[in-house]
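Take a look at the letters that make up each chain.
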Amino acid sequence: EEWLLAYDCFQMEIIELASIIEVVFRDCFEALLFINGLNKSTTYNDYANKIIRKHNGNDFMNVEKANNSYKKAFDINIRDLFEKQVWNNLIDIVNLRNMMVHNNGLVDEHFKSTPTYTRVQDRIDGNLFRLEDSDIATYLNSGIIAVTKIGTEIIANKGLAQGVLLAAMISLNLALISDSI
C-alpha cells in the first residue's frame, strides 16, 4: 500500500519532531532560569536549583513532566497555553516516538495502554499505525504552536526586555524546525 512506502520517512519525522519539542521545552526552561537569575531569592529557587543538579533524563520530552517542571519552578502551567487538541498531539508525538524507537514502530501492549492509542486505534493496520503525510502536517503544526506559545507566554510574564534572548532562541529553533522537515 502507498502509506507503507513512506512509513520509515514518516517515522523519522515524528522522532525528529519529538526531539525538537524536547529541546525547545528544555531550552526555554533553562532560559527562564537564566532570566530569573539563579542567585535570586525566589519562591521557586530551591526547586530550580534541585532540577539543575538532578539528571532529568527525558523529563522535557514527556510533556506532562515538562509541565510539572514549569509549574514547580516558575508557576507556569504550559498545558493551559494550548487548545486540547494541540496538547493531545504533543502527547501523541511522544507516545508515537517511543513506540517507534523502543518497539521498531510496532504497536504493543504498552502503546495500547496510552491515551494516544484510544485516539488513533482506528488507524492501526495489523501491528502498525497508519502514519501518513497529513499526520506529519498536523503534528508539525502542533509542534510549532507549542514552541511559539511557550515563548510568547514567557515574554509576556517576564517582560519584553528580559524575553529578547528567549525570542531569539525560539526564532532560531523555528528555523531549525523548517530546515529539518
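So, here is what we can say about the structure in this document.

## Some words on the overall build of the protein chain
Secondary structure assignment for the protein chain yields nine helices and two strands. For the protein chain, the N- to C-terminal ordering of α and β elements is α-α-α-α-α-α-α-β-β-α-α. Counting every position in the protein chain, which comprises 181 residues, the buried fraction comes to 45%. Approximately 9,600 Å² of the protein chain is accessible, and the part contributed by carbon and sulfur atoms is 52%.

## Considering the nonpolar core
One finds Phe25, Tyr70, Ile78, Phe82 and Leu90 to be the most contacted residues of the largest nonpolar core, which totals 45 residues. Of all the elements, helix α2 (residues 7-36) adds the most residues to this core, at 14 residues.

## With respect to the environment of Ile124
Looking at where Ile124 falls in the secondary structure, it is placed in strand β1 (residues 124-125). Each C-alpha atom of the pair Ile124 and Val107 lies 8.1 Å from the other, and the pair is 17 residues apart in sequence. Aside from chain neighbours lying at most four places away, what touches Ile124 is Val107, Phe111, Tyr117 and Phe129.

## Thoughts on helix α5 (residues 84-102)
The end-to-end C-alpha distance of α5, which contains 19 residues, comes to 27 Å, matching closely the 27 Å that a straight helix rising 1.5 Å per residue would cover. Most of α5 sits inside the fold, with 14 of its 19 residues counted as buried. In the segment just after α5, Asn104 is the residue with positive phi, at about 55°.

## Considering helix α4 (residues 63-74)
Here α4 spans 16 Å end to end across 12 residues, near enough to the 16 Å set by a 1.5 Å rise per residue. Within α4, burial applies to Val63, Ala66, Asn67, Ser69, Tyr70, Ala73 and Phe74. Along the axis of α4, the buried positions cluster into a sector of 160°, meaning they face one direction only. In this structure Asn62 caps α4, since a side-chain oxygen of it lies 3.0 Å from the backbone nitrogen of Glu64. Positioned one or two residues after α4, Asp75 has a phi angle of 60°, which is positive.

## Quick notes on the packing of aromatic side chains
Per the stated rule, a full pass over the model turns up four aromatic pairs. Aromatic side chains Phe82 and Trp87 sit 6.1 Å apart centroid to centroid with 20° between the ring planes, which places their arrangement in the stacked category.

## Observations concerning the environment of Glu64
For Glu64, the position within the fold is in helix α4. Considered as a pair, Glu64 and Trp87 are 23 residues apart in the sequence and their alpha carbons are 9.6 Å apart.

## A closer look at the pattern of salt bridges
Within this structure, the stated rule accounts for seven salt bridges. In this structure, the salt-bridge partner of Arg26 is Glu22, at a minimum N-O distance of 3.5 Å. Of this pair, Arg26 and Glu22 are both found in helix α2, four residues apart, which corresponds to roughly one turn of the helix. On the basis of relative accessibility, which here comes to 23%, the residue Arg26 falls in the partly exposed class. When the shortest N-O distance is used, the salt bridge between Glu109 and Lys112 registers 3.7 Å. A residue pair is termed a helical-turn pair when its members lie 3 or 4 positions apart in one helix, as Glu109 and Lys112 do in helix α6 (residues 109-112) at three residues.

## Brief notes about the packing of α4 against α5
For the pair α4 and α5, the least separation of the axes is 9 Å and the interaxial angle reads 120°. Of α5, the residues touching α4 (which contributes Val63, Glu64 and Asn67) are Trp87, Leu90 and Ile91. Its residues placed into classes, the contact of α4 with α5 shows four nonpolar, one polar and one charged.

Parameters and conventions
- Residues numbered from 1 in each chain as written.
- Predicted model: local features only at pLDDT ≥ 70, side-chain atom pairs only at ≥ 80, totals over all residues.
- Heavy atoms only, no water.
- Helix = DSSP H or I, 4+ residues; strand = E, 2+ residues; numbered from the N terminus.
- Buried < 20%, exposed > 50% of the residue type's maximum accessible area, 1.4 Å probe, protein only.
- Areas by Shrake-Rupley, 256 points an atom, 1.4 Å probe, with all protein chains shown as cover.
- Core = buried A, V, L, I, M, F, W, Y, C linked by side-chain atoms within 4.5 Å.
- Contact = heavy atoms within 4.5 Å.
- Expected span 1.5 Å × (residues − 1).
- Arc of directions from axis to C-beta.
- Polar contact = N/O pair within 3.5 Å; in protein donor to acceptor, adjacent residues only side chain to side chain.
- Phe/Tyr/Trp six-rings, centres within 6.5 Å; stacked < 30°, edge-to-face > 60°.
- Salt bridge = Lys/Arg side-chain N within 4 Å of Asp/Glu carboxyl O.
- Axes fitted to C-alpha atoms, helices over the stretch in contact; angles between N-to-C directions.
- Nonpolar A, V, L, I, M, F, W, Y, C, P; charged D, E, K, R; others polar.

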